[in-house]
Amino acid sequence: GAGVSQSPRYKVAKRGQDVALRCDPISGHVSLFWYQQALGQGPEFLTYFQNEAQLDKSGLPSDRFFAERPEGSVSTLKIQRTQQEDSAVYLCASRRWAGPYGYTFGSGTRLTVV
Amino acid sequence: QQQVKQSPQSLIVQKGGISIINCAYENTAFDYFPWYQQFPGKGPALLIAIRPDVSEKKEGRFTISFNKSAKQFSLHIMDSQPGDSATYFCAASVTQGGSEKLVFGKGTKLTVNP
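## Things to note about the overall build of chain A
Move 1: A tally of helices and strands in chain A yields 0 helices and 11 strands.
Move 2: Of the regular secondary structure in chain A, the N- to C-terminal order runs β-β-β-β-β-β-β-β-β-β-β.
Move 3: Judged by the C-alpha coordinates and their principal axes, chain A covers about 40 × 25 × 25 Å.
Move 4: Taking all 114 residues of chain A together, 47% fall into the buried category.
Move 5: Contacts spanning at least 24 positions in sequence make up 53% of the contacts within chain A whose residues lie at least 6 apart.

Shown next, in the form of C-alpha cells:
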C-alpha cells in the first residue's frame, strides 16, 4: 500500500482484557518499529524488527506486552491484561532499509482502557 | 542521558512571523536528528533532518541549525502560515548493538494566527 496502515484506529478495552493491534507496513519495508505516545507527549520506543527478527524489545513496558512479525511483513502488538496506564496511541513505523532515515509512521491506534 | 529536551511547550506566532523551537541532548552517540510534524489524529511526518557533521540545513521555509559542541539544535520556520499549526517533535537517532531507535522530545504545539 501507499502508507503504513494500522487497525483498529480506536480500541476501547475493559481493564484486564487482552488486545491485539495490527500494523501493515509499506510493502517491501524491512524495518518495522512500534512506539507508544501518551497524551501530550512524544512517542516512546517500544520495539524494533528487521524482517521477522525482533532485534530490540527493550522499550516494552512489561511482560504483558508482546510483539511479533512472523513473516517479515504484518506485525501485531499484543497487550495482555490491559491496565489504565496502557491507554495511549500506539504508532507503527516502517522503513525500506536499515539506517535511521526515511521512517514512515502510520496514524496509530488509540487505545483507551476503562 | 537518552533524553531530548524540547522547548517551548507551546508557541503562538502571527502569520508571516518566524517560529523557533529548540532542543538539547546529552548522548553523544546520537547520529541523526530529524524533526517531525504531527497533526491531530495523524502519525508524525518527517519534516527535515540533519546529521551532526553539518551545522545548518535548509529546505524551503524550514531550517535546522545544529551546534554540536553545545549539543543543541533548533528548527526555524520562516514566513509561518496557519497551515503550519501542528505539534512539532525533535528527535535523535541512536544505533547500538544491532538495534536503533528514535528518542523524541515532548513536543511543541505551534499555533499560527491569521
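That was the structure; now back to the text.
## Focus on the sheet that holds strand E1 (residues 4-7) of chain B
Residues and elements named next belong to chain B.
Move 1: One open sheet holds the 5 strands; their spatial order is E1-E3-E8-E7-E6, and the pairing between them is antiparallel. In the strand order of this sheet, the two ends are held by E1 and strand E6 (56-59), each with one partner. For this sheet the average axis-to-axis angle between neighbouring strands, irrespective of direction, equals 15°.
Move 2: Both E6 and strand E7 (residues 62-67) contribute to a ladder of 4 bridges, which runs antiparallel. Looking at the pairing, Glu59 lines up with Phe62 of E7.

## So, the pattern of salt bridges
Move 1: As enumerated under the stated definition, the model contains 7 salt bridges over all chains in all.
Move 2: The closest approach of N and O atoms between Arg64(A) and Asp86(A), which form a salt bridge, is 2.8 Å. Here the residue Arg64(A) occupies a position in the loop between strand E6 (53-56) and strand E7 (65-68), and Asp86(A) occupies one in the loop between strand E8 (75-79) and strand E9 (88-95), the gap between them amounting to 22 residues. Asp86(A) matches Arg64(A) in its accessibility class, with the two residues each being buried.
Move 3: Taking the shortest distance from any N to any O, the salt bridge between Arg61(B) and Asp84(B) comes out at 2.8 Å. With Arg61(B) in the loop between E6 and E7 and Asp84(B) in the loop between strand E8 (72-77) and strand E9 (86-96), this residue pair connects regions lying 23 residues apart in the sequence.
Move 4: Among the residues examined, Arg61(B) registers a relative accessible area of 26% and is labelled partly exposed.
Move 5: Taking the relative accessible area as the measure of exposure, Asp84(B) reaches 5% and is therefore buried.

## Here's the deal with unusual backbone geometry
All names here are of chain A.
Move 1: Residue Pro8 is reached from Ser7 by a cis peptide bond, and omega for that bond is -10°.
Move 2: Its location among the elements puts Pro8 in the loop between strand E1 (5-7) and strand E2 (10-13).
Move 3: Even without being glycine, Asn51 reaches a positive phi, approximately 55°.
Move 4: Along the chain, Asn51 falls in the loop between strand E5 (44-50) and E6.
Move 5: Positive phi is not limited to glycine here, since Arg81 has a value of about 45°.

## What about the environment of Val103(B)?
Residues and elements named next belong to chain B.
Move 1: Within the secondary structure, Val103 sits in strand E10 (residues 99-104).
Move 2: Residue classification places Val103 among the buried residues on the basis of a relative accessible area of 14%.
Move 3: Separated by 98 residues in sequence, Val103 and Lys5 have C-alpha atoms that sit 10 Å apart.
Move 4: Not counting chain neighbours up to four residues away, the residues in contact with Val103 comprise Gln2, Gln3, Val4, Phe30, Cys90, Ala91 and Ala92.

## Observations regarding the interface of chain B and chain A
Move 1: The interface is formed by 18 residues belonging to chain B together with 24 residues belonging to chain A.
Move 2: Overall, the association of chain B and chain A removes approximately 1700 Å² of surface from exposure, summing both partners, and the carbon and sulfur fraction of that is 50%.
Move 3: Taken together, chain B and chain A are joined by 2 salt bridges.
Move 4: Between Asp56(A) and Lys101(B) there is a salt bridge, and its shortest N-O distance comes to 3.8 Å.
Move 5: Viewed at the interface, chain A and chain B are joined by 7 residue pairs in polar contact (both at pLDDT 80 or more).

## Overview of the nonpolar core
Residues and elements named next belong to chain B.
Move 1: Ranked by internal contacts, the top residues of the largest apolar core, which has 26 residues, are Val4, Phe30, Phe33, Trp35, Phe73, Leu75 and Tyr88.
Move 2: Among the secondary structure elements, those contributing two or more residues to this core are strand E2 (10-14), strand E3 (19-25), strand E4 (33-38), strand E5 (45-50), E7, E8, E9 and strand E11 (108-113).
Move 3: Per-element tally for this core: the top contributor is E9, with 5 residues.

Criteria and cut-off values
Residues numbered from 1 in each chain as written. Chains lettered and ligands numbered in written order. Predicted model: local features only at pLDDT ≥ 70, side-chain atom pairs only at ≥ 80, totals over all residues. Heavy atoms only, no water. Helix = DSSP H or I, 4+ residues; strand = E, 2+ residues; numbered from the N terminus. Buried < 20%, exposed > 50% of the residue type's maximum accessible area, 1.4 Å probe, protein only. Contact = heavy atoms within 4.5 Å. Pairing = 2+ DSSP bridges. Axes fitted to C-alpha atoms, helices over the stretch in contact; angles between N-to-C directions. Salt bridge = Lys/Arg side-chain N within 4 Å of Asp/Glu carboxyl O. Buried area = accessible area lost by both parts, 1.4 Å probe. Polar contact = N/O pair within 3.5 Å; in protein donor to acceptor, adjacent residues only side chain to side chain. Core = buried A, V, L, I, M, F, W, Y, C linked by side-chain atoms within 4.5 Å.

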